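Listed here are the chains, written in short residue letters.
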Amino acid sequence: MTSWGLRSLYTPTVGSRQDALYVDIVAVHGLEGDQLETWTDPQAGTLWLRDLLPFETLPSRVLVFGYKADASAFFGDDSANRILQHAHTLVAELEANRALSNATERPIIFICHGLGGVLVKKALAYAATRTSNKVEHLYSIYISTYGILFMGTPHNGMEHTAWHLMAHVPRATDSTLSDLSKAMTRNSETLQNITDQFAPLVKQFHIFFFWEGVETDSGHHKGYVVREDSAAPIWDNTERSALHVTHSQMCKFANRNSTDFRLVLAALLRYARDAPGTIGPRWTSARRFLATQRSMEAAELIGFDAHNNNTPYICQSPTINEGDGHRKIKNKYFHVPHNVSSIFTGRDVVTRMLRNKILESSKTSSPHQQKRFVLYGLGGSGKTQLCLKFVQDNRESFWAIFWVDASSVANAERALSQIGRLGGLGETPDAGLYWLTSLEVPWLLVIDNADDPTVDYSRFFPAGERGHILVTSRNSDCKIHATIGCYEFGDMDEEDAITLLLKAAQHGGVNDKKARDIARPVVKTLGYLALALIQAGASIRQGICSLDDYLAVFATYRKQIMSDQLTQSPDNYQYTIYTTWEVSVQTIEGLASERAVDAIQILHILAFLHFEQVPATMFERAWNISQRSGDIEKPKTLAARIMEVFLCFGILAHLYSLLFTASLGSTRLRLPNILLQKGPRWNVYRFRQAIALLGKFSLISTDDEKQSYSMHPMVHFWARERLSKNDQSSWSQIATTILANSITPELEPSSQQYRRSLLPHIDACMQYEHSWATPRRKYSDDYVSQNAKFAAIYSECGIWIKARELQEGVMDLKQQSLGEKHPETLQAMTALAWSYWNLSRIDKAVELQRRVVKISSQALGAQDPKTLKAMDNLASTYWLCGRRHEACRLGEEAVEGLQRSLGPGHPDTLTAMENLGRTYMHLGRLEEGQSLQLKVLEARRKLFGPRNPDTLMAMANLGMTYHARGNLTDAEQLLQAVVATRKRVLGNEHAYTLWAINDLSKIYVDQGHGAEAEELLESIWEVVVRTLGEKHIGASMTMMNLARAYNGQGKWAKGCSTLTDLITTQLQTLGPQHPDTLVARSELARTYKYLDRLDEAETLFLDVIENMTKTLSPEHPWTKKAIGQLSAIYISQGRLDEAEALDLRLRP
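Being a predicted model, the structure only gives us computed values, none of them experimental. (Residues numbered from 1 in each chain as written. Predicted model: local features only at pLDDT ≥ 70, side-chain atom pairs only at ≥ 80, totals over all residues. Heavy atoms only, no water.)

## So, the overall build of the protein chain
- A tally of helices and strands in the protein chain yields 47 helices and 22 strands.
- Expressed as a percentage of the 1148 residues in the protein chain, the buried residues total 54%.
- In the protein chain, the proportion of contacts linking residues at least 24 apart, taken out of those at least 6 apart, comes to 71%. (Helix = DSSP H or I, 4+ residues; strand = E, 2+ residues; numbered from the N terminus. Buried < 20%, exposed > 50% of the residue type's maximum accessible area, 1.4 Å probe, protein only. Contact = heavy atoms within 4.5 Å.)

Below, the structure is given as structure tokens:
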């Protein structure tokens, strides 16, 4: 009679040497196996686990586990649940046996045959999750396991024919065999799920894979039951070997002289010898990490790398070493953007206050509230520098210090996302906040430039009571966020202010009484403001004035500056700052040189761009493109030409600002001097001289690494507000013109990174243009042209809403001024249609593209390349809206025509081929689609390189065709590369990055990695909704893939809810006949089946099959898949005739 459960074969004598040192060897048989017969040689009658092991040199206890392992116990869709049940039983019985033997921490070595290895993998994956207080005892099985010997375990499944080789399986019914083979076939969902759960644990164990070296001959069939690639997968740090017997004999040994036995015995001896030295320290670490896991309330598994000194290999929560009563903290993360200034001075009062509030209170009290301190005050007073000084001096008091630039919500969210990435919880703001919330060690978060009164900055505070937050703001209302204190940051202490001024001026006598007495009235006049003192010091350092005569110079310019334009400023403190900076600017203007004129003009231009990271090449690009296009406005009047001559000599440079804003005989604005220079190449030396002059007065800073220029936000604001309203209007337009002129109309791939860097500057220019643009300008060619360029960049970067807003205006103006049939109007219509396409406004895209095709056909002819390209665009939109047959017909015509007129290697031809290949794939013409996509990918790699967005699109499309053809390995490789590269090139939130992540999730689900797919999709859902909207087709795609991920894990109820919501949206946005809607309804019907809602499943499948047959075709793979699912329902209900009728439709 077959025995089930755990049974002891050998236990050392109590008090013996073996009793003190032994390990537990646990043997688990396979399918159709038995507790004892599996391990017994039938001829010799030798039970080798009991009779052959040398227990004197292998101190061990031997246990065998039995379970109902006949084929009928595992057939059907519930096979995974049956494996889970046996796995739970194995863990529970083994833990109980070891606990009663007082051997919870004894090392374990598993020996598994066939399906027994699958059961052990499931058991260890289950035990690894038992970390909560109530089930922590089961976790001991996972921690104590040292090694596993897998004998013929089908890790990747078995061939269908293998079942006929197993001696006992044929007694099962055909239905049993069919269902069992589905569950255990190669790459089956059941096996893949178990492998996915076991994969993160592999490094924990020493593993030896054995495969059968002799084919099994059943009389009617001959072959390997489990092939080598399935029995011994290539995993890191594992051993592999054949055993020179059949599958059923590989776990039976007749005597100790057997070569196969000696190989197995050597592994057991080695594992038993080394296991105690590994498992003991592992338990010490495990107890600590169990406590950490519970405190963080996280669900990740804890692993200890057996091949690397038990090193934990998941995100571990940091701990504080407490020895001799002292808390010892080692700083691990110090993410601070700048070093403190070398001339930082003073602020002792607030420094002591910070130390008392933040550091001292932490040592004497347990956390009962989050410690938040707010520094507020006027800009330029030194708040940021004080924070830099504080974190530098107290670095070792915090395990982690992070800096968040809150000058914009986007910047703050990016910083928090980076924190989330460091914590291993995902690159999102919420992940960063959650990680900080969970840390039990001291951390400090500096939130700098929290100045916007419309933003609630508490959104950037991690929840809970832990941590320290230091906030800087010009807005006094931010005091409301303080929990341990706040401080108004204003005037420096007089002595500190004097010291700072003298340091900034590089005056040798910082402690000299006379120098300090001279400086005293200076710092008083400057309002003891740090930034003003540094500016004044720079003026003295540059020799513009001396410390002695600074006040005289200041008084002279103050009278000039304190005029109407400045009295409009709302804050009195700005007078002092403005005056300080005006001294520098007016000194530059007084130089009356070409360099000075260039510097002032560049300052005016920078004032209307974003204040950070203006590309150093922007001016040069604008000059080069203007030279090529002849778009430089030359002075036409005599007065203008005379002025140009004088300006070259710098004699009348100080008069320039009086004449510059005039049109000088033209209806167009005149560009700055530096962009009107003549010659064969850009005068980089002249430009750098002007930049250096601004840098000397601390008006701008240069980032050599990023090759960009930045301004302090206060300087930036002052530089703009110091101008009159008319001048602001003029310089705003000039800055916008230069920005637009730096962009080539062709949008070459080589300049993509540069164009992406322009986004914040385009935003700034558009904001100012909206304020200053006159009706006359809005109808000018320049205005329309620049908007078209800016829209193209928005579109390229995936910001289609802004692109669409500009493109609609461009198209309307082009139609009014040029007419609908003009090439520029058609180009504008095409660009707008593309934005509609990406925004899922499909009806509008179709309407526009049809008009373009019709007009182009009439004006240019049906075979003109522009007409053919328009046809390809329309075909792509037909594909998107589910009209796949129309897309195919039109796409084939476009490809044929473009290949004939432009050649097969032209970029436009390749785009048409790519779109047609994608359509073929969705029509089920997979071989044709793959052929086209391979050609496109090869050509684009040669033309554009591997990182170009068009190349990445070709890779993604080919990957999904591989996926459709069942080539999941190549598909995964391509899509992983696409996701990684798009994140680097386009950004994490670009719609095409999100699209690639969705495609990769499909592959994961079909590989059985449902949990991984779910994690991937849930990490992007917030981004998808925020950037695209809930009704965008990208949101529908993400919901569909989430539902598949849920279903792939057996979370049928969750999948059903998600699909129900999705279909409601799809019926509104896509319509009932759209292929995506039909696929979602088919998946919902399948979900009903697994929820045992068979009547609803049948009704829905019947409707889906009817509509798929009409919309796609009877032969389409999706149609056939739905028919197969319905047939399975009929079979389960015993409706065999109806199932047979459906099966006839599936036959060729």
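The rest of the description comes next.
## Remarks on the nonpolar core
- In this structure, Leu848, Tyr878, Leu975 and Tyr992 are the most contacted members of the largest nonpolar core, which totals 84 residues.
- Among the elements that take part in this core, helix α40 (residues 991–1006) stands out by supplying ten residues, more than any other.
- If we ignore the near neighbours within four places in the chain, the residues touching Tyr992 are Trp800, Trp834, Asn838, Met953, Arg982 and Leu986.
- In terms of nonpolar packing, the next biggest core, distinct from the first, is built from 83 residues, Ala69, Ile83, Leu149 and Leu243 among them. (Core = buried A, V, L, I, M, F, W, Y, C linked by side-chain atoms within 4.5 Å.)

## With respect to the environment of Lys122
- Mapped onto the secondary structure, Lys122 falls in helix α4 (residues 115–128).
- Of the residues examined, Lys122 reaches a relative accessible area of 13% and is grouped as buried.
- Excluding its chain neighbours within four sequence positions, the residues that come into contact with Lys122 are Ile83, Leu84, Ala87, Ile194 and Gln197.

## A closer look at the sheet that holds strand β19 (residues 485–489)
- Read across the open sheet, the six strands follow the order β14-β16-β17-β18-β15-β19; overall the sheet is parallel. The sheet is open, and its two borders are formed by β14 (333–335) and β19, each paired with just one other strand. Recorded for the sheet is a direction-independent mean angle of 15° between the axes of neighbouring strands.
- This element, helix α12 (residues 409–422), spans β14, β16 (400–405) and β17 (443–448) of the sheet and lies at about 155° to β16. (Pairing = 2+ DSSP bridges. Axes fitted to C-alpha atoms, helices over the stretch in contact; angles between N-to-C directions.)

## What about the sheet that holds strand β1 (residues 5–10)?
- With mixed pairing, the seven strands of this open sheet are ordered in space as β1-β3-β2-β4-β5-β6-β9. The sheet is open, and its two edges are formed by β1 and β9 (238–243), each paired on a single side. On average, each strand axis in the sheet is inclined to that of its neighbour by 20°, with strand direction left out of account.
- Here five bridges tie strand β2 (residues 23–28) to strand β4 (residues 108–113), and the two strands are oriented parallel to one another. Paired with Ile25 across the two strands is Ile109, which belongs to β4.

## Observations concerning the packing of helix α41 (residues 1010–1028) against helix α42 (residues 1033–1048)
- In the contact formed by α41 and α42, the axes pass within 9 Å of each other and the chain directions differ by 160°. On the basis of their axis angle, the class for α41 and α42 is roughly antiparallel. Here α41 runs over α42; the crossing is left-handed. Between α41, through Gly1010, Ala1013, Glu1014, Leu1017, Glu1018, Ile1020, Trp1021, Val1024 and Leu1028, and α42, the contact on the second element is made entirely by Gly1034, Ala1035, Thr1038, Met1039, Asn1041, Leu1042, Ala1045 and Tyr1046.
- Of the residues contributing to the contact of α41 with α42, the split by class is eleven nonpolar, four polar and two charged. (Parallel < 35°, antiparallel > 145°, perpendicular 65-115°, else oblique. Left-handed = near helix turned anticlockwise from the far one by under 90°. Nonpolar A, V, L, I, M, F, W, Y, C, P; charged D, E, K, R; others polar.)

## Things to note about the pattern of salt bridges
- Inspection of the entire model under this criterion finds 41 salt bridges.
- Ionic pairing is found between Arg106 and Asp24, a salt bridge with its closest N-O pair at 3.0 Å. Taken together, the residues Arg106 in the loop between α3 (79–100) and β4 and Asp24 in strand β2 connect sequence positions 82 residues apart.
- The network of salt bridges with shared partners includes Glu494, Glu495, Lys513, Arg516, Asp517 and Arg520. (Salt bridge = Lys/Arg side-chain N within 4 Å of Asp/Glu carboxyl O.)

## Some words on the packing of helix α36 (residues 907–922) against helix α38 (residues 949–964)
- Following both chains from N to C, one finds α36 and α38 inclined at 20°, their axes separated by 10 Å at the closest point. Classified by the angle between their axes, α36 and α38 sit roughly parallel to one another. Handedness of the α36/α38 crossing: left-handed. Of the residues in α38, those in contact with Glu914, Arg918 and Met921 of α36 are Asp950, Met953, Ala954, Asn957, Met960, Thr961 and Ala964.
- In terms of residue class, the contact of α36 with α38 is made up of five nonpolar, two polar and three charged.

## Some details on helix α35 (residues 884–901)
- Its 18 residues give α35 an end-to-end C-alpha distance of 25 Å, which sits within 8% of 26 Å, the value for a rise of 1.5 Å per residue.
- Taken together, the buried positions of α35 are Arg884, Ala887, Cys888, Leu890, Gly891, Ala894, Val895, Gly897 and Leu898.
- Two residues or fewer after α35 comes Gly903, characterised by a positive phi angle close to 100°. (Expected span 1.5 Å × (residues − 1).)

## Describing the side chain of His604
- The residue His604 is located in helix α20 (residues 594–606) in this model.
- Discounting residues that sit within four places of it in the chain, His604 has contacts with Arg722, Leu723 and Trp731.

## Here we look at the packing of aromatic side chains
- Considering all chains together, one arrives at 28 aromatic pairs under this definition.
- Their ring planes at 15° and their centres at 3.6 Å tell us that Tyr10 and Phe55 sit as a pair that is stacked. Taken together, the residues span a long stretch of sequence, with Tyr10 in strand β1 and Phe55 in the loop between α2 (48–51) and β3 (60–66) at a distance of 45 residues.
- Residue Tyr10 is classed as partly exposed on the basis of its relative accessible area of 25%.
- Taken together, Tyr139, Tyr142, Phe150, Phe198, Phe205, Phe209 and Trp235 form an aromatic cluster joined through their ring pairs.
- The residue whose ring lies beneath Arg395 is Phe334, and the NZ or CZ to ring-centre distance is 4.1 Å.
- Above the face of the Tyr754 ring, Arg621 is positioned so that its terminal group lies 3.9 Å from the ring centre. (Phe/Tyr/Trp six-rings, centres within 6.5 Å; stacked < 30°, edge-to-face > 60°. Lys NZ or Arg CZ within 6 Å of the ring centre and 35° of its normal.)

## Topic: helix α24 (residues 684–696)
- With 13 residues, α24 extends 18 Å between its outermost C-alpha atoms, agreeing within 8% with the 18 Å of an ideal straight helix rising 1.5 Å per residue.
- Residues of α24 that are buried: Arg686, Phe687, Ala690, Ile691, Leu693 and Leu694. Relative to the axis of α24, the buried residues are bounded by an arc of 155° and lie together on one face. In α24, those exposed residues whose orientation departs by more than 90 degrees from the buried face are Tyr685 and Arg688. (Arc of directions from axis to C-beta.)

## Brief notes about unusual backbone geometry
- Here the phi dihedral of Ala592 falls at roughly 50°; this positive angle occurs in a residue that is not glycine.
- Counting through the fold element by element, Ala592 comes out in the loop between α19 (573–590) and α20.
- Notably, Gln613 is not glycine yet its phi reads approximately 55°, a positive angle.
- Inspection of the secondary structure assignment puts Gln613 in the loop between α20 and β20 (614–615).
- Take Gln613: its relative accessible area is 38%, and that puts it in the partly exposed class.

## Describing the pairing of strand β6 (residues 206–212)
- In terms of burial, β6 is largely enclosed, as seven of its seven residues are buried.
- Here β6 shows no split at all, with His206, Phe208, Phe210 and Glu212 on one side and Ile207, Phe209 and Trp211 on the other all buried.
- Both strand β5 (residues 145–151) and β6 contribute to a ladder of five bridges, which runs parallel. Counted as the bridge partner of Gly147 is His206 from β6.
- Relative to β9, β6 runs parallel, the two sharing six bridges. Residue pairing across strands places Phe209 opposite Arg240, the latter belonging to β9.

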